[in-house]
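Coordinates in review
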Amino acid sequence: MSTSNAWTEFAAAFRRTRPAFLAHETAKAELKALMPEDAKEAIGHGVRAKRSKSGAVSFDVLSMEGGHAPLQ
C-alpha cells in the first residue's frame, strides 16, 4: 500500500490519533467504574453518564459556560 496516497493519509491520521483514542477509552472505563451500580445518571465536570435499562453506560459532553461545569 506504499503507493496509495489515501492509505498514506489515513495511516498518518490513525497513528497521530491513536494515543488520544486510548486515553479516551481508558477514561470511559474509569468513569464507568466510578458510577454507582444503582445510579441511572451521574453528572459532573461537564460530563453526564446515563445507564440504560440493559445496564450499558453512555456518556455525553455537556456545554461548559464560562469554563465551568454547569450547576445542577
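Notes on the structure follow.

Okay, the overall build of the chain next. Summing up its helical and strand segments, the chain has 1 helix and 3 strands in all. Across the 72 residues of the chain, 10% fall into the buried class. Within the chain, contacts between residues separated by at least 24 positions form 12% of all contacts whose residues are at least 6 apart in sequence. For the chain, the computed accessible surface area is about 6200 Å², with 58% contributed by carbon and sulfur atoms.

Another aspect to go through is the sheet that holds strand β2 (residues 47–51). One open sheet holds the 3 strands; their spatial order is β1-β2-β3, and the pairing between them is antiparallel. This sheet does not close on itself; its edge strands, each paired only once, are β1 (41–44) and β3 (57–61). Across the sheet, the axes of successive neighbouring strands diverge by a mean angle of 15°, strand direction being ignored. When β1 meets β2, the two strands line up antiparallel, connected through 4 bridges. Residue A42 lies in a different strand from β2, and its bridge partner there is A49.

In this structure, R51 sits in strand β2. Among the polar contacts listed, one links the side chain of R51 to the backbone oxygen of P36, at a separation of 2.8 Å. Here the side chain of R51 touches A39 through a polar contact of 3.0 Å, landing on its backbone oxygen. Not counting chain neighbours up to four residues away, the residues in contact with R51 comprise M35, P36, E37, A39, K40, A56 and V57.

Attention now goes to the environment of K32. Topologically, K32 is positioned in helix α1 (residues 5–34). Between the C-alpha atoms of K32 and V57, which are 25 residues apart in sequence, the distance is 6.9 Å. Setting aside residues up to four positions removed in sequence, K32 forms contacts with V57 and F59.

Here we come to the pattern of salt bridges. Taken as a whole and assessed by the stated rule, the structure comprises 2 salt bridges. The shortest N-O distance in the salt bridge between E25 and K28 comes to 3.6 Å. Placement of the pair is E25 and K28 together in helix α1, with a separation of 3 residues, close to one helical turn. Under the relative-accessibility criterion, E25 is labelled partly exposed at 32%.

Reading guide: rules and limits
- Residues numbered from 1 in each chain as written.
- Predicted model: local features only at pLDDT ≥ 70, side-chain atom pairs only at ≥ 80, totals over all residues.
- Heavy atoms only, no water.
- Helix = DSSP H or I, 4+ residues; strand = E, 2+ residues; numbered from the N terminus.
- Buried < 20%, exposed > 50% of the residue type's maximum accessible area, 1.4 Å probe, protein only.
- Contact = heavy atoms within 4.5 Å.
- Areas by Shrake-Rupley, 256 points an atom, 1.4 Å probe, with all protein chains shown as cover.
- Pairing = 2+ DSSP bridges.
- Axes fitted to C-alpha atoms, helices over the stretch in contact; angles between N-to-C directions.
- Polar contact = N/O pair within 3.5 Å; in protein donor to acceptor, adjacent residues only side chain to side chain.
- Salt bridge = Lys/Arg side-chain N within 4 Å of Asp/Glu carboxyl O.

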